[in-house]
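Report on the structure
Residues per chain, in single letters:
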Amino acid sequence: MRDEAGKSDMVRRSLKSVWHPCTQMQHHQTVPLVAVSHGRGAWLYDADGRRYLDAISSWWVNLFGHANPRINAQLKDQLDKLEHAMLAGFTHEPVIRLSECLAARTGNALGHCFYASDGASAVEIALKMSFHSWRNAGHGAKQEFICLKGSYHGETIGALAVTDVALFRDAYGPLLRQAHVVMSPDARGALPGESAADVARRAAAALESLLQQRAGHIAALIVEPLVQCATGMAMHDPVYLALARALCDRYQVHLIFDEIAVGCGRSGTFFASEQAPASGADGAPVWPDLLCLSKGISGGYLPLSLVMATEAIYQAFYDADVTRGFLHSHSYTGNPLACRAALATLEIFEQDDVLNANRRRAQRITAALRPLAAHERVRDFRQRGMIWAFDAALDDPAAAAGFSQRFFAEALANELLLRPIGRTVYLMPPYILDDGECDLLAARTAAVFESVMAHA
Ligand SMILES: *Cc1c(COP(=O)(O)O)cnc(C)c1O
């Protein structure tokens, strides 16, 4: 059923009653709203039977496709056993096994998992844990946080305070206790003759000068390791992670890695942290004090987030006194269905040797994107793991303003779900594309770019 503007019944009803996120609702007078009826594999199907390749994994969460039979089977099994039980005073097999599996992936460096449901809450928890553990240790003056230029850590009031994306933050500025913002190691900031590692070292030097002045008041530095996604896929050299680790150790500041977007294999390793060059005389791997995980962990099925903590942080709370314990209560913490979806997801990583398979998949996509990367109006083509990004050269500010929306609409017309961030076009496909889908993705992205740029 369609009205005179061609809108389907579902779209009309949605626009009337659903307040869509990250959207100016008025834009839907021209920007399409897609009514999804079902998904299978990498494809979403709309109510009119059209299909779209989900090239951004439905906001970076879907790792193994829609309606994945293996995840479905485990969820159906769990549904008949236990849908939910409170985690205070109770426990259950899915949450125990998930905590064990994740801790093992860090060699037990981060052996204690605390659960929530969304990424922003995981960030809130990490900030609270850092501050409270310092206070328990007699360092109550450490109440401030450091984040990177262009950082994104979620949009609740606490997470927004360590977020440096003006669009999301500025309107709520008066409500926030703004963090210190230091130079990003974004490789695009290279001066003539500088390598990405040089930019990382310069950013670490800027961090150190703040720590020299202020470390006594600072609880933690929070970093999106390797790729600052939401600001526009800003990528940096892994040496930054080792340098940040060393500085946080020297100045007694916690290091928080927000792996909500880059974790679960997105950056090429299971945790982005694993790509940091070993640091210190003993060549120990680099781990943060607190690590936040969400998005892909449940395979894109159910809301789940968690914070992994070191033994030292855990011990700072271990006491007979309740007020020295960590205080963060959430109704659905450790939800068994979400944990079971996560366990099914981790099992697929093991059974299908996903990280290696993705290496081959990434080579094919990169090769297929080569003509686009060489396009005269493509700037800073970049890739890390299963993330590709480039910036469109748009000289006219008026053309730049509508670029993202035009690209989104043109991509839909070419059976692709792609949603650029400003002038940055990026691909973040699920880890299941076959060769044909890899080639189709690259060819259609190039065609969409050509067509959008012809009018910009
Ligand atoms: C998406 C994201 C968040 C917030 O997660 P939500 O589940 O959307 O609250 C935080 N940090 C990073 C790096 C993210 O990409």
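None of these values were measured; they are calculated from a predicted model. (Residues numbered from 1 in each chain as written. Predicted model: local features only at pLDDT ≥ 70, side-chain atom pairs only at ≥ 80, totals over all residues. Heavy atoms only, no water.)

What follows is about the side chain of Asp-186. When you line up the elements, Asp-186 lands in the loop between strand E6 (180-182) and helix H8 (196-214). A relative accessible area of 15% means that Asp-186 is categorised as buried. A polar atom in the side chain of Asp-186 sits 2.9 Å from the side chain of Arg-188. The residues touching Asp-186, leaving out its near neighbours within four places in the chain, are Val-199, Ala-234, Met-235 and His-236. (Helix = DSSP H or I, 4+ residues; strand = E, 2+ residues; numbered from the N terminus. Buried < 20%, exposed > 50% of the residue type's maximum accessible area, 1.4 Å probe, protein only. Polar contact = N/O pair within 3.5 Å; in protein donor to acceptor, adjacent residues only side chain to side chain. Contact = heavy atoms within 4.5 Å.)

Time to look at the site of the ligand. Neighbouring residues of the ligand: Trp-60, Asp-118, Gly-119, Ala-120, Tyr-152, His-153, Gly-154, Glu-224, Asp-258, Ile-260, Ala-261 and Lys-295. Ala-120 places a polar main-chain atom, nitrogen or oxygen, 2.8 Å from an oxygen atom of the ligand. Asp-258 is positioned such that a nitrogen or oxygen atom in its side chain is 2.6 Å from a nitrogen atom of the ligand. For the ligand, whose free accessible area comes to 380 Å², the fraction covered by protein is 82%. Here the residues of the shell around the ligand are counted per class, giving five nonpolar, three polar and four charged. (Near = heavy atom within 4 Å. Areas by Shrake-Rupley, 256 points an atom, 1.4 Å probe, with all protein chains shown as cover. Nonpolar A, V, L, I, M, F, W, Y, C, P; charged D, E, K, R; others polar.)

Before going further, it helps to spend a moment on the UniProt feature "binding site: pyridoxal 5'-phosphate" (unreviewed entry) in the protein. According to UniProt, the positions carrying the feature "binding site: pyridoxal 5'-phosphate" (unreviewed entry) are Gly-119, Ala-120, Asp-258, His-330 and Ser-331. Across 213 residues, the annotated set is spatially dispersed, with a maximum C-alpha separation of 22.8 Å. Those annotated residues from the list above that line the second largest pocket are His-330 and Ser-331. Tracing the backbone shows Gly-119 in helix H5 (residues 119-136). With relative accessibility at 15%, the residue Gly-119 sits in the buried group. (UniProt positions renumbered as here; feature names shortened; annotations may be inferred. 1 Å grid on protein atoms, 1.4 Å probe; cavity = no way out; pocket = protein on both sides within 12 Å on 5 of 7 lines; lining within 4 Å.)

Together, Ile-157, Tyr-172 and Leu-175 line one region of the surface with nonpolar side chains, adding up to about 320 Å² of accessible area. Note that Ile-157 resides in helix H6 (residues 157-161). Relative accessible area serves as the criterion here: at 43%, Ile-157 is assigned to the partly exposed category. (Patch = residues over 30% accessible without salt bridge, like charges linked within 9 Å, V, L, I, M, F, W, Y side chains within 5 Å. Salt bridge = Lys/Arg side-chain N within 4 Å of Asp/Glu carboxyl O.)

Take the domain arrangement of the protein next. The domain boundaries assigned to the protein delineate domain 1 (54-67 + 354-455) and domain 2 (72-351). Summarising the inter-unit geometry, the C-alpha centres of domain 1 and domain 2 are found 27 Å apart. Overall, the association of domain 1 and domain 2 removes approximately 2400 Å² of surface from exposure, summing both partners, and the carbon and sulfur fraction of that is 63%. The largest per-residue losses of area from domain 1 upon contact with domain 2 belong to Trp-60, Leu-355 and Arg-384, which jointly make up 28% of the total buried on that side. The interface formed by domain 1 and domain 2 includes one salt bridge. (Domains from an automatic or database assignment. Buried area = accessible area lost by both parts, 1.4 Å probe.)

Strand order in the open sheet made by the three strands is E13-E14-E16, with antiparallel pairing throughout. In this open sheet, the two edge strands, each paired with only one partner strand, are strand E13 (378-384) and strand E16 (424-427). Neighbouring strand axes in the sheet, compared pairwise and without regard to direction, differ in orientation by 15° on average. Looking at chain direction, E13 and strand E14 (residues 387-392) are connected through five bridges and run antiparallel. Bridging from a neighbouring strand, Arg-384 pairs with Ile-387 of E14. Along the sheet, helix H16 (residues 435-453) contacts E13, E14 and E16; its crossing angle with E14, the most-contacted strand, is approximately 15°. (Pairing = 2+ DSSP bridges. Axes fitted to C-alpha atoms, helices over the stretch in contact; angles between N-to-C directions.)

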